[in-house]
Amino acid sequence: MLTLNLRKLERDGLLIRTVYPTVPPRVEYRLTPIARELAGSFAVLTAWAERHRRAIAAARKAYDRRPAELTASRRQALAARGGPRQQHGKTLLAILGLHPA
């Protein structure tokens, strides 16, 4: 999974990948200038997510407690995955590595 994400970032022009012919193989990644330009934006976004982590978690819990809006198939899907916290897809907090425990 990590390799796929790194390859996607490389494809998008955000990373430069260098492979060294050693045993075991060594791979190094560097940010491109356009990725470095994003650093400030990510810092702001990360700070925002950290400031609002509890409010987001509370909103999720309140939303997940609304069973009247859940269809039978949605309830079954949630139960199969162990509950609402393990929903398919990534949320902003998960992407930033700030998913509440």
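Calculation criteria
Residues numbered from 1 in each chain as written. Predicted model: local features only at pLDDT ≥ 70, side-chain atom pairs only at ≥ 80, totals over all residues. Heavy atoms only, no water. Helix = DSSP H or I, 4+ residues; strand = E, 2+ residues; numbered from the N terminus. Areas by Shrake-Rupley, 256 points an atom, 1.4 Å probe, with all protein chains shown as cover. Phe/Tyr/Trp six-rings, centres within 6.5 Å; stacked < 30°, edge-to-face > 60°. Lys NZ or Arg CZ within 6 Å of the ring centre and 35° of its normal. Pairing = 2+ DSSP bridges. Salt bridge = Lys/Arg side-chain N within 4 Å of Asp/Glu carboxyl O. Buried < 20%, exposed > 50% of the residue type's maximum accessible area, 1.4 Å probe, protein only. pLDDT = per-residue confidence, 0-100.

Student: What's the story with the overall build of the chain in this structure? I'm lost.
Tutor: Regarding its fold elements, the chain presents 5 helices and 2 strands. When its helices and strands are written in sequence order, the chain yields α-β-β-α-α-α-α. Put simply, the chain shows about 8100 Å² of open surface, and 61% of that area lies on carbon and sulfur atoms.

Student: How should I be thinking about the packing of aromatic side chains in this particular structure?
Tutor: Both the distance between ring centres and the angle between the ring planes are used here to describe each pair of aromatic rings. Applying the stated criterion to the full structure yields 0 aromatic pairs. Seen from the ring of Tyr-20, Arg-26 lies directly overhead, with NZ or CZ sitting 3.9 Å from the centre.

Student: Explain the pairing of strand β2 (residues 26-31) here, please?
Tutor: Across 6 bridges, the pairing between strand β1 (residues 15-20) and β2 is antiparallel. Bridged to Arg-17 within β2 is Tyr-29. A loop of 5 residues connects β1 with β2, the two strands running antiparallel in sequence.

Student: Is there a simple way to think about the pattern of salt bridges in this case?
Tutor: A side chain with one charge may pair with a side chain of the opposite charge, provided their charged atoms come close. Summed over the entire model, instances satisfying the criterion amount to 1 salt bridge. One salt bridge connects Glu-28 with Arg-26, and the closest N-O pair in it is separated by 3.8 Å. Accessibility expressed as a relative area gives 30% for Glu-28, which makes it partly exposed. Since its relative accessible area comes to 42%, Arg-26 is described here as partly exposed.

Student: I would appreciate a short explanation of the confidence of the model for the chain in the present structure.
Tutor: Do not read the fine detail of predicted coordinates wherever pLDDT is low. The share of residues in the chain with pLDDT of 70 or more is 71%, and the mean pLDDT across the chain is 81. At the level of individual helices and strands, the chain shows its lowest average pLDDT in helix α5 (residues 92-95), which scores 60, and its highest in β1, which scores 96.

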